[in-house]
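# Remarks on the overall topology
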Amino acid sequence: RALFYWVVAILALGTWFYARFEHWRALDAFYFTITTLTTVGYGDFAPKTDVGKIFTVFYIFVGLGLISSFVILMGEKSGLIKMSSKKSEDTEEKES
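All figures in this text were calculated on a predicted structure; none of them were measured in a lab.

### Things to note about the environment of Ile 67
Along the polypeptide, Ile 67 turns up in helix α3 (residues 50-78). On the basis of relative accessible area, Ile 67 is assigned to the buried category, the value being 12%. When the C-alpha atoms of Ile 67 and Leu 11 are compared, they prove to be 9.6 Å apart, with 56 residues separating the residues in sequence. Apart from the residues within four sequence positions on either side, Ile 67 is in contact with Val 7 and Leu 37.

Written as structure tokens, this is what we have:
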């Protein structure tokens, strides 16, 4: 649950920042945050200011980790992704 709130916060931060400093509409700023953090990056929007470019570099490092963790967690919870743990592999080796 906490991870969900962190994802919402990072998306809200990016949307606010790009709307405020790049002077984009809120929808365009939100769209850019999603396409950036999911690594889609269509290229139709890009920061023009130096502060926007610097923010984007750090935003990607922090946000990409959060988004990736969230997607993996949702995949595990839905059963679409099954993560094998080292512990279960060790147990299987001992049994054989």
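After presenting the structure, the write-up continues.
### Overview of a nonpolar patch on the surface
A cluster of nonpolar side chains, contributed by Ile 54, Val 57, Phe 58, Phe 61 and Val 62, occupies part of the molecular surface with about 550 Å² of accessible area. In this fold, Ile 54 is placed in helix α3. You can call Ile 54 exposed: its relative accessible area is 52%.

The rules we used
Residues numbered from 1 in each chain as written. Predicted model: local features only at pLDDT ≥ 70, side-chain atom pairs only at ≥ 80, totals over all residues. Heavy atoms only, no water. Helix = DSSP H or I, 4+ residues; strand = E, 2+ residues; numbered from the N terminus. Buried < 20%, exposed > 50% of the residue type's maximum accessible area, 1.4 Å probe, protein only. Contact = heavy atoms within 4.5 Å. Patch = residues over 30% accessible without salt bridge, like charges linked within 9 Å, V, L, I, M, F, W, Y side chains within 5 Å. Areas by Shrake-Rupley, 256 points an atom, 1.4 Å probe, with all protein chains shown as cover. Salt bridge = Lys/Arg side-chain N within 4 Å of Asp/Glu carboxyl O.

No statement about biological role is implied by the geometric values presented.
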